[in-house]
Amino acid sequence: MKLLALAAVLLAAPAALAQSIQVDAKLPVYKPIQGVSGNVKSVGSDTLNNLMTLWAEGFKKHYPAVAVEVEGKGSGTAPPALINGSSTFGPMSRPMKQKEIDDFEKAFGYKPTAVPAAVDTLAVYVHKDNPLAQLSLDQVDAIFSKSRKAGYAKDLTTWGDLGLTGEWADKPISLYGRNSASGTYGFFKEHALANGDFKDAVKEQPGSSAVVQGVASDKFAIGYSGIGYKTADVKMLKLAKDAKSEAFEISQENAYSGKYPMTRILYVYVNKKPDAQLDPLRREFLRYVLSKQGQEDTVKDGFYPLTPRLVDQGLKAIGLEAAAVEAGAKQ
Amino acid sequence: MPTATKAPMPPTSPERLPPTGRDSAPRVYDAVARGERFTTAMHEAVLDERHVLSIRDFELWYGEKKALYGITMPITAGKITALIGPSGCGKSTLLRCVNRLNDLVDGVRIAGDMQLNGDSIYAKGVDVIELRKRIGMVFQKPNPFPMSIFENVVYSLRIDGIREKDLLHEVCEKSLKGAGLWDEVKDRLKDSALNLSGGQQQRLCIARAIAAEPEVLLLDEPCSALDPIATGRIEELMNELKGHYSILIVTHNMQQAARTSDYTAFMYLGRLVEYGPTNEIFRVPRLKETEDYVTGRFG
Amino acid sequence: MSQATLERPAKEPTRTRRWRTTRRATALSAYGEPWLWLASGALALALAMIAALVLLILVRGFGTFWPSELLRIERKGAPALLGEVTKEELVTRPAADGMPERTERRRMLRTGNYDLTGHHFEWVWDSEVEREARPEWALAVERTAWGRFHGEPVALVAGERVLAEQPSEILARLDDELARAIEGREARHRLEVEEVGAVHHAMEVERLTLRHLEAEGGDAAQRAASIERTAELERQYEALQRRLAELDVENGRTVLRMRAPDGATKDLALVDVVRAYPANALDWSAKLGVYLSRWWEFLTDVPREANSEGGVFPAIFGTVVMTLIMSLVVVPFGVLAALYLREYAKAGALVSIVRICVNNLAGVPSIVFGVFGLGFFCMILGTSIDELLFADRLPNPTYGKGGLLWASLTLALLTLPVVIVATEEAIAAVPNSMREGSYGCGATKGQTILRIVLPRALPGIMTGMILAIARGAGEVAPLMLVGAVKLAPQLAVDGTAPFVHPERSFLHLGFHVFDLGFQSQNSEAAKPMVYTTTLLLIGIVVTLNLTAIWIRSQLRKKYAANPF
Ligand SMILES: Nc1ncnc2c1ncn2[C@@H]1O[C@H](COP(=O)(O)OP(=O)(O)OP(=O)(O)O)[C@@H](O)[C@H]1O
Ligand SMILES: [Mg+2]
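Residues numbered from 1 in each chain as written. Chains lettered and ligands numbered in written order. Predicted model: local features only at pLDDT ≥ 70, side-chain atom pairs only at ≥ 80, totals over all residues. Heavy atoms only, no water.

### Description of helix α10 (residues 366-389) of chain C
Of all the bends in α10 of chain C, the greatest, near 35°, is centred on glycine 382 of chain C. Buried residues of α10 of chain C: Ser366, Phe369, Gly370, Gly373, Phe377, Cys378, Gly382 and Asp386 of chain C, and no others. (Bend = angle between axes of the 7 residues up to and from the residue. Helix = DSSP H or I, 4+ residues; strand = E, 2+ residues; numbered from the N terminus. Buried < 20%, exposed > 50% of the residue type's maximum accessible area, 1.4 Å probe, protein only.)

### A look at the packing of helix α7 (residues 208-217) of chain A against helix α15 (residues 509-519) of chain C
Direction vectors running N to C along α7 of chain A and α15 of chain C enclose 55°, while the axes themselves pass 6 Å from each other. Relative to α15 of chain C, the element α7 of chain A is oriented oblique. Contacts between α7 of chain A and α15 of chain C involve Ser208, Ser209, Ala210 and Gln213 of chain A from the former and Gly517, Phe518 and Gln519 of chain C from the latter. For the contact of α7 of chain A with α15 of chain C, a count of residues per class yields two nonpolar, five polar and no charged. (Axes fitted to C-alpha atoms, helices over the stretch in contact; angles between N-to-C directions. Parallel < 35°, antiparallel > 145°, perpendicular 65-115°, else oblique. Contact = heavy atoms within 4.5 Å. Nonpolar A, V, L, I, M, F, W, Y, C, P; charged D, E, K, R; others polar.)

### A short note on unusual backbone geometry
In this structure, alanine 194 of chain A is a non-glycine residue whose phi angle is positive, near 50°. Along the polypeptide, alanine 194 of chain A turns up in the loop between α6 (183-191) and β7 (203-205). By relative accessible area, which is 35% here, alanine 194 of chain A ends up partly exposed. Residue aspartate 57 of chain B is not a glycine yet carries a positive backbone phi of 45°. Structurally, aspartate 57 of chain B is set in strand β2 (residues 51-62). Given the relative accessible area of 51%, aspartate 57 of chain B is considered exposed.

### Description of the domain arrangement of chain A
Residues and elements named next belong to chain A. Segmenting chain A into domains produces domain 1 (3-119 + 264-330) and domain 2 (121-258). Across the contact, 25 residues belong to domain 1 and 23 residues belong to domain 2. Here domain 1 meets domain 2 over a buried area of about 1,900 Å², counting both sides, of which 56% is carbon and sulfur. Viewed at the interface, domain 2 and domain 1 are joined by one salt bridge. Here arginine 178 makes a salt bridge to aspartate 46, at a shortest N to O gap of 3.0 Å. Remark: the boundary between domain 1 and domain 2 carries five residue pairs in polar contact (both at pLDDT 80 or more). For the side of domain 1 that touches domain 2, the element with the highest residue contribution is helix α1 (residues 2-11), accounting for four residues. (Domains from an automatic or database assignment. Buried area = accessible area lost by both parts, 1.4 Å probe. Salt bridge = Lys/Arg side-chain N within 4 Å of Asp/Glu carboxyl O. Polar contact = N/O pair within 3.5 Å; in protein donor to acceptor, adjacent residues only side chain to side chain.)

### Thoughts on the packing of aromatic side chains
This model, assessed by the stated rule, comprises 38 aromatic pairs over all chains. Between tryptophan 168 of chain A and phenylalanine 220 of chain A, the aromatic rings sit 4.9 Å apart at their centres with planes inclined by 70°, giving edge-to-face as the arrangement. Linking tryptophan 168 of chain A in the loop between α5 (137-144) and β6 (174-178) with phenylalanine 220 of chain A in the loop between α7 and β8 (221-226), this pair joins segments that are 52 residues apart in sequence. For the pair formed by tryptophan 168 of chain A and phenylalanine 220 of chain A, the shared burial category is buried. Ring geometry for phenylalanine 62 of chain C against tryptophan 295 of chain C: centres 5.8 Å apart, planes inclined by 50°, an arrangement best described as tilted. Here phenylalanine 62 of chain C is found in helix α3 (residues 33-63), whereas its partner tryptophan 295 of chain C is found in helix α7 (residues 284-300), with 233 residues between them in sequence. Members of the aromatic cluster, joined through ring pairs, are Tyr30, Phe59, Tyr63, Phe89, Phe285 and Tyr288 of chain A. Between arginine 208 of chain B and the ring centre of phenylalanine 145 of chain B, over which it is positioned, the NZ or CZ distance is 3.9 Å. (Phe/Tyr/Trp six-rings, centres within 6.5 Å; stacked < 30°, edge-to-face > 60°. Lys NZ or Arg CZ within 6 Å of the ring centre and 35° of its normal.)

### As for the site of ligand 1
All names here are of chain B. Around ligand 1 lies a shell of 14 residues, among which Ser87, Gly88, Ser92, Thr93 and His252 are the nearest. A distance of 2.9 Å is found between an oxygen atom of ligand 1 and a side-chain nitrogen or oxygen belonging to lysine 65. Between ligand 1 and serine 92 there is a distance of 2.6 Å, counted from an oxygen atom to a side-chain nitrogen or oxygen. Listing elements by their share of the shell around ligand 1, those giving two or more residues are β3 (65-76) and α3 (91-98). The biggest single contributor to the shell around ligand 1 is α3, with three residues. (Near = heavy atom within 4 Å.)

### Some words on the arrangement of the chains
Counting contacts across all two pairs of chains found in contact, the highest total belongs to chains A and C. Spatially, chain A and chain B are disjoint, and the shortest separation between their C-alpha atoms is 51 Å.

### Topic: the interface of chain A and chain C
In this complex, chain A contributes 50 residues to the contact, which on the side of chain C involves 56 residues. Of the roughly 4,100 Å² buried where chain A meets chain C, counting both sides, 50% is carbon and sulfur surface. At the junction of chain A and chain C, the tally comes to three salt bridges. Linking lysine 128 of chain A and glutamate 89 of chain C is a salt bridge whose minimum nitrogen-to-oxygen distance equals 3.7 Å. Applying the counting rule to chain A against chain C returns 11 residue pairs in polar contact (both at pLDDT 80 or more). Contributing elements (two or more residues each) for the side of chain A that touches chain C: β1 (38-44), α2 (49-62), β2 (66-72), α7 and α10 (292-300) of chain A. The element that contributes the greatest number of residues to the side of chain A that touches chain C is α2 of chain A, accounting for eight residues. Of the residues assigned to the side of chain A that touches chain C, the class counts are 16 nonpolar, 21 polar and 13 charged.

### Focus on the interface of chain B and chain C
Opposite the 25 residues of chain B that make contact, chain C presents 22 residues. Of the roughly 2,100 Å² buried between chain B and chain C on both sides combined, carbon and sulfur atoms contribute 62%. Across the salt bridge formed by glutamate 436 of chain C and arginine 96 of chain B, the nearest N and O atoms sit 2.9 Å from each other. Of all the elements in the fold, those that place two or more residues in the side of chain B that touches chain C are α4 (128-134), α6 (155-159) and α9 (198-211) of chain B. Here the side of chain B that touches chain C gets four residues from one element, more than from any other, and that element is α6 of chain B. Its residues assigned to classes, the side of chain B that touches chain C comprises 13 nonpolar, seven polar and five charged.

### Points about the sheet that holds strand β3 (residues 102-110) of chain C
Residues and elements named next belong to chain C. Sheet architecture is open: five strands sit in the order β4-β3-β2-β1-β5, paired in antiparallel fashion. The open sheet has two edge strands with one neighbour each: β4 (121-125) and β5 (129-133). Averaged over all neighbouring strand pairs, the angle between strand axes comes to 40°, with direction disregarded. (Pairing = 2+ DSSP bridges.)

Here is the structure:
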């Protein structure tokens, strides 16, 4: 259900078909205003760690008097920090869980505000020399999960089980994944394993980049991580929703259209009173994130930029006028 | 230049000794071995003098082990008293009791009393710190402090909070001269005391002890680490100090005891065996054991 | 006496010889050699492993910044590439596409131009190569954003005017123009930091005054004056903003037009260029120049591009300051604790238990200390401090979060056992005769400890401190909980009152290594930086230790006994 809704939002954007990722020209260009200063502290997702830092660096170019501090130890650390007031932003690579929202509401009497900030796709990585080209989600489940909730018939433990021949046939599949505090872990568990349990053999890594490096150094490895962390030493597999459907590679178009199955939106959470305006500092920071410049930083960090529709959704969430789609309509 | 061999050798021939008391006394070692009581062979001469320190029926235990047995011993003022006796007989222990250094050892118990110029040392409420300032001590092994020569000498003044430079320098010079070290170190007072030679260190410790102008000076084998020349110098020093200070010295060197001391006490297994003027102890000891010991026939 | 000793050899040999001849064989183990071999072998192995590790770090760490040549590779059916060869391997490829099984070389190229291609690195098989060359004018450009750009210079353009079009000409003028651009960049930075910062600060002060006046219901005239002042500041601010914008335009006028290997042209504003060098035309000394300038940037600059580029100065600063504060805290505490245990506490079961606990504390995983630091220092202590002293800043925490002070205290706690144990040993090693000498002079216990025991134990205490520094400076895990962050905007010491801000978060080299190694988006490029940063961290720890060791040797000279 959620995925469908996401696909609907994403589909509205015209697909960009360049070799490098393009930011939609309709996104509002950020123009600084006056009187913005103060301290910003971000605590949350490590997937968004680099991106938050890039945004902070970009934002500071406009507002030298602003001090931004970025700390990223996992999405799970964002809600508590927002609740006890030790952070101004809570970047998260997954939506807040009901429990976290409840805790927040208990503390403030209203819900936290989620601002979409970037589009990420989870890629399934194999070593660059691996001849395998594609997998279906139920196969992914059978590789990573011991519960096999997606319904694949048998456990997949060797590359031969996936039809590879030669030296690959009898080699066991070596599994790499994230630690359980990360949003990536949760997202993959939910969307690839249908909330089943990971195998014990999964080597849990402390960072998204560590997964990719693990796969790069282990010829018979497979792992999942954000697309932003791809290196030349690994290969991303095409993924199909199920055994019968076509497999799609990761591209901006397929991510937006939802054809590639594991697409997610990365959020920045803020504490905003529903009827009150955000203070200028936080409002401007988020406006920067949702601007053309902010979304170029997103590209720089290897993620996909927001579509105009998502940008508008974000602007509305923080009580600003939608700018992207309308601007596009006017042109 | 004093030499170590100047003093006459103590007489060793038993024929020249008067027979008084020697054979009539119970065999001391047997008595001690059987745990019997015996009285110290005290020469009357010691009692005639003025006493700076008097030890009365003093006993001491290290935990369960008794180390001193009923020691009664007056120490003559302004004279040198030598403590002799085989190793482990309790000489150092007795010495350390005088300035209550044994308080620092865990499990030490005492009985009896000592008096310094009539003030009880072990009475309740005695200020030990004050007491120790009245008694100087030089240890068997030189123990200079990790600081400069100057600071070593004036240590006792420093801890009294004395800051006047002139006074400190005056005391330093006087004490070093007194210890016969001044000429050797007067140009390097700021150097670390630990770089001095062993003999120099020992004389430094003596200077440190006399800088506080104590009433009694306790010397625990001060020359055991020294060569004959340094030993001679220290003996000379003791001769100079005597009269002004009362000195109690432990020594294993019979000649030294005979040469330097006015009175000699012979201890054995925690008991005071014989105590009297040095020339009597060495020439006409009342006990055969004393004679054997001072003539080197002990054992 | 001497005669007796001389006589003995004359008498004894016969006996000795007979005894020796009856028992010829001596067990192997009776000789020292096998044990010697075993011990020295173990030592050699340990040393070899340490040496190998250090060597690896040294080679990789020092090698990172050396500029290499740019190779242009034209591929069949794919855009050409221009980049540094960073890796090379021989791979057996299975038979496919009509080709038999074969062993083939592939090379990894650091291509740069991420903004055009979406790749930082690419692998190239030898069979894909159509032509390769080292173009004379290939230029490697390091930028403030988007990483490197590799290409050939086409023109140097200032506004409408073309300054140079020949590569040689461009390069000849590039240095001057670049210097000017850097000047422009610095001018802008100064304007930002000094003037804009000052206005901002004044505005903030005014805002607080106004709020204060409103809260107290101060009289209208004062309030109006304050509002007027604010308006004036805002006008100043706007003027500054305009000047900044003008500067930006001015600075952005000069561009270096480059042709990417695939033929596309791209204009690089010189103001965004950190360094540009013709990689294939550099002689040895020019390479050294690039190398040193990169080191200089690394040591003195702030990080850029989410820590993957620029320098690590704030991290060096954070590491050193944190370690120093830690030492300042842990040494007095550890020494006092050890003094109590050794000199005051009555030896007994309780002291033994305390001592065992202290020793066990050293074995507690460091992350536990981090959790404690977070819970106690940040949450309990920090929050209370905030409520007492910084209530006006709430809900923004000042001390109620991780920071330099809390991190230092956490590490102090972590290294406390080391200092206690070392100090206890040092105190125990002070000869009792020295203590007795002091007591004999009539010193009290306090005087004895202060004047005799501590000075004498000082070298040993320094040893404890050295160990604590070595442990503390290399620790990362607990710091992640109590204040080491990825991006800290300001140093803990700066020009704004009160000049020292121990509550601020900080960057730490150890954390930086972790961040580069496990979090970096461009992990291939980050890997060499991991070695360089590690090298730096080791260098700092060694420097701190050498300083402490030097101080200790000075103290030893003063306090150690002369074994006459
Ligand atoms: N701290 C102590 N704890 C227990 N027993 C001790 C202690 N100090 C000394 N003793 C014991 O007390 C006895 C007397 O020792 P003391 O040091 O007084 O002998 P000494 O006459 O000075 O010997 P030496 O001539 O060898 O210096 C010895 O048996 C010794 O073992
Ligand atoms: Mg002794």
